[in-house]
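Each chain, letter by letter, is given below.
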Amino acid sequence: QVQLVQSGGGLVQAGGSLRLSCEASGTIFSIDRMAWYRQPIGKLREMVASLTGGGQTNYADSVKGRFTVSRDKAKNTVYLQMNNLTPEDTEDYFCYMRVRSSGNRYLEVWGQGTLVTVSS
């Protein structure tokens, strides 16, 4: 079993910054993809930022230049640094990992979600 636990988030004024963290625990041999998604009310989750095991990053156009995804391999943790936040960034944010676990299985795991609220 692999679990993801998110931390960070909360309320911030427009123009401010927040950092989200997501730590994986359990039987983990490797993580080949980490990502952050957000889910507008009534819509599907949309990818905000992703990071491959090889270090390649990808960002949604709406956050390029403002958000940065990074990882700490030793801690099995992925971060999302969010700068210059706007009210349009107000959403529930979810982390995701694709993990190679015991028995050479690949597991797709989600965090519990955390609310980011940006006031104008």
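See the structure printed just above.
Treat the numbers as computed from the prediction; the structure is a model and nothing was measured.

> Explain the pattern of salt bridges here, please?
Oppositely charged side chains may form a pair once their charged atoms are brought near each other. For the structure shown, the criterion picks out five salt bridges. For Arg66, the salt bridge identified is with Asp89, shortest N-O distance 2.7 Å. Pair noted here: Arg66 is in the loop between strand 6 (57–59) and strand 7 (67–72) and Asp89 is in the loop between strand 8 (77–82) and strand 9 (91–100), with a separation of 23 residues, a long-range link. Comparing Arg66 with Asp89, the two get one shared label, buried. Linked through salt bridges whose partners overlap, the residues forming this network are Arg38, Glu46, Arg66 and Asp89.

> Explanation requested: the nonpolar core in the structure shown.
Among soluble globular proteins, nonpolar side chains are generally buried collectively. The biggest cluster of nonpolar side chains holds 30 residues, and the ones touching the most others in it are Trp36, Leu80, Met82 and Met97. Put simply, the parts of the chain that give this core at least two residues each are strand 1 (2–7), strand 3 (18–26), strand 4 (30–39), strand 5 (46–52), strand 7, strand 8, strand 9 and strand 11 (114–119).

> How should the sheet that holds strand 1 be read in this particular structure?
Sheets are built from strands paired through backbone hydrogen bonds, the pairs being either parallel or antiparallel. Ordered by their spatial adjacency, four strands build an open sheet running 1-3-8-7, and the pairing between neighbours is antiparallel. The open sheet has two free edges, formed respectively by strand 1 and strand 7, since each of these has just one partner strand. Neighbour to neighbour, the strand axes of the sheet diverge by 15° on average, direction disregarded. Sheet analysis places strand 3 next to strand 8, joined by six bridges and oriented antiparallel. Along strand 8, the bridge assignment pairs Leu20 with Leu80.

The rules behind these values
Residues numbered from 1 in each chain as written. Predicted model: local features only at pLDDT ≥ 70, side-chain atom pairs only at ≥ 80, totals over all residues. Heavy atoms only, no water. Salt bridge = Lys/Arg side-chain N within 4 Å of Asp/Glu carboxyl O. Helix = DSSP H or I, 4+ residues; strand = E, 2+ residues; numbered from the N terminus. Buried < 20%, exposed > 50% of the residue type's maximum accessible area, 1.4 Å probe, protein only. Core = buried A, V, L, I, M, F, W, Y, C linked by side-chain atoms within 4.5 Å. Pairing = 2+ DSSP bridges. Axes fitted to C-alpha atoms, helices over the stretch in contact; angles between N-to-C directions.

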